[in-house]
Every structure is written in structure tokens, then in C-alpha cells.
Amino acid sequence: MEARLNLFASPVAAKFGKHIVAAGKALADSTLPAATQELVKLRASQINGCGFCTDMHTKDAAHAGETSTRLNLVAAWREATVFTDAERAALELTEQGTRIADAAGGVTDEAWANAAKYYDEEQLAALVCTIALINAFNRGNVIVQQPAGGYQPGQFA
């Protein structure tokens, strides 16, 4: 992939990048489990077709100890039996929060109530912000990256 725009050369993009990375740091320091954060980032990136983020978050999760079995099953989490009920609730919220254009009405009350069974207020806030942040990163990457023969695994390693 080749960038359509050099964001590093733009003062506006550099300033924005500084703030968005700081937002990510605040979430990393939250009480939302790190494994849940990585699963959420990975699933949203898969949905959004962001090869860069899918590759990066798969590697980050593996480096943090996530198993290849679970990573390979994130896209099929509904059918997989390797995720906890809490993780499943987070993945459902992620899908509904990411596919807002596909789902009339956005996030359902049922999905929210299910997530609220497993996460306290601070964790829910971190979960919502993680979903919003990864979607922002995905969209920026998808807009700026120009496909040149398609994404190649390991290309951004």
C-alpha cells in the first residue's frame, strides 16, 4: 500500500495525531482488560477492512499472550466457544457500534444491557471510547492508504 497523503508532513495531521495517540494511552491505562481492548480493536478493524490495523492488533494481542486460536476466531466469535461472556458482550457492542450505517437505530438496548452486566461504568466508558477510537484510526488509514495490488500480510511489520 502506498499513502495518498504524507500525514507526517502536515502540521494539522501531526497535531491531531498527538491527541489521538494520547487518547489511546488513556484507554490503555483504564481498567478495561487489555485482552478485551485488543479483541475490540481487531474486530472493528476487520469490519472496516483496515489491513494495517488488523495486522497490528493481531500482533499486539499475540505479543500480550493472546492465543492463535482465539485470534483466528475473532471474526467468527458468535460461533466460537473460546470467548468469555464478557468478551462476547464487548464484541457485540463493537460490531453494533462499528456498523452504525448497517444497523437502523445503532446499538440496541439489549447489546448495551448485556455489556453493562459485565463491565462497570468506567469500563463501559473505556469500551465505548476504544470502539470510537479504533473506528477513527481505521477510517483515517483506509482513506489515506492507496491499495497497490492489495494488502500483503506482514507489510507493515
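The structure presented is a predicted model; accordingly, all values stated were derived computationally and were not measured. (Residues numbered from 1 in each chain as written. Predicted model: local features only at pLDDT ≥ 70, side-chain atom pairs only at ≥ 80, totals over all residues. Heavy atoms only, no water.)

Quick notes on helix 5 (residues 85-98)
Two residues of an α-helix separated by three or four positions point the same way, owing to the 3.6 residues in each turn. Worth spelling out the cut-off: The helix and strand labels rest on DSSP assignments: H or I over at least four residues marks a helix, E over at least two residues marks a strand, and numbering proceeds from the N terminus. A helix is expected to reach a length of 1.5 Å times the quantity of its residues less one. Each residue is assigned to one of three classes by its accessible area relative to the maximum for its type, calculated with a 1.4 Å probe on protein chains only: buried under 20%, partly exposed between the two thresholds, exposed over 50%. Here a residue-residue contact requires only that any non-hydrogen atoms of the pair lie within 4.5 Å.
The end-to-end C-alpha distance of helix 5, which contains 14 residues, comes to 20 Å, matching closely the 20 Å that a straight helix rising 1.5 Å per residue would cover. Within helix 5, 11 of the 14 residues are buried, which leaves it mostly tucked inside the rest of the structure. Buried within helix 5 we find Ala86, Glu87, Ala89, Ala90, Leu91, Glu92, Leu93, Thr94, Glu95, Gln96 and Thr98. Packing partners of the buried residues in helix 5 comprise helix 2 (34-48), helix 4 (68-73), helix 6 (109-118) and helix 7 (121-144).

What to know about the packing of helix 2 against helix 5
Where we set the bar: To get an axis, fit a line to the C-alpha atoms, keeping to the stretch in contact for a helix; angles then go from 0 to 180 degrees between the N-to-C directions. Each helix crossing is assigned a hand: it is left-handed if the near helix lies turned anticlockwise from the far helix by less than a right angle, otherwise right-handed if that turn is clockwise. Three classes are used, and their members are as follows: Ala, Val, Leu, Ile, Met, Phe, Trp, Tyr, Cys and Pro are nonpolar, Asp, Glu, Lys and Arg are charged, and the others, Gly among them, are polar.
Direction vectors running N to C along helix 2 and helix 5 enclose 35°, while the axes themselves pass 9 Å from each other. By crossing handedness, the relation of helix 2 to helix 5 is classed as right-handed. Across the interface between the two elements, Thr36, Leu39, Val40, Arg43, Ala44, Ile47 and Asn48 from helix 2 touch Glu87, Ala90, Leu91, Thr94, Glu95 and Thr98 from helix 5. The class makeup of the residues in the contact of helix 2 with helix 5 is 6 nonpolar, 4 polar and 3 charged.

Notes on the environment of Thr84
Within the secondary structure layout, Thr84 lies in the loop between helix 4 and helix 5. The partly exposed category is assigned to Thr84, whose relative accessible area is 42%. Along the chain, Thr84 and Thr36 lie 48 residues apart, while their C-alpha atoms are 9.9 Å from each other.

Details of the pattern of salt bridges
Let me state the cut-off plainly: For this document, the term salt bridge refers to a Lys or Arg side-chain nitrogen within 4 Å of an Asp or Glu carboxyl oxygen.
Using the criterion set out here, one finds 9 salt bridges in the structure. With its nearest N and O atoms 3.1 Å apart, the salt bridge here joins Lys25 to Asp29. With respect to class, Lys25 is no different from Asp29; both count as exposed. When the shortest N-O distance is used, the salt bridge between Glu87 and Arg70 registers 2.7 Å. Separated by 17 residues along the polypeptide, Glu87 in helix 5 and Arg70 in helix 4 bring together distant segments of the chain. Across the pair, Arg70 and Glu87 agree in class, each one buried. One network of salt bridges, with partners in common, ties together Arg43, Arg78, Glu92, Glu95 and Arg99.

Brief notes about the confidence of the model for the chain
Heads up, the rule is: The pLDDT value expresses, per residue, how confident the predictor is, ranging between 0 and 100.
For the chain, the mean per-residue pLDDT works out to 89, and 90% of the residues sit at or above 70. Between residues 149-157, whose pLDDT stays under 50, and residues either more than four places distant or in other chains, the model counts 15 contacts.

Comments concerning the nonpolar core
The line we're drawing: Definition of nonpolar core: a set of buried residues of the types Ala, Val, Leu, Ile, Met, Phe, Trp, Tyr and Cys, connected through side-chain atoms within 4.5 Å.
One finds Tyr119 and Leu127 to be the most contacted residues of the largest nonpolar core, which totals 15 residues. Where this core is concerned, the elements lending two or more residues are helix 1 (11-28), helix 5 and helix 7. The leading source of residues in this core is helix 7, at 5 residues. Contacts of Tyr119, omitting those with residues within four sequence positions, involve Leu32, Pro33, Thr36, Ala86, Glu87, Ala90, Leu124 and Leu127. Counting residues in each nonpolar core, the second largest holds 9 residues, with Leu39, Leu42, Val74 and Ala80 among its members.

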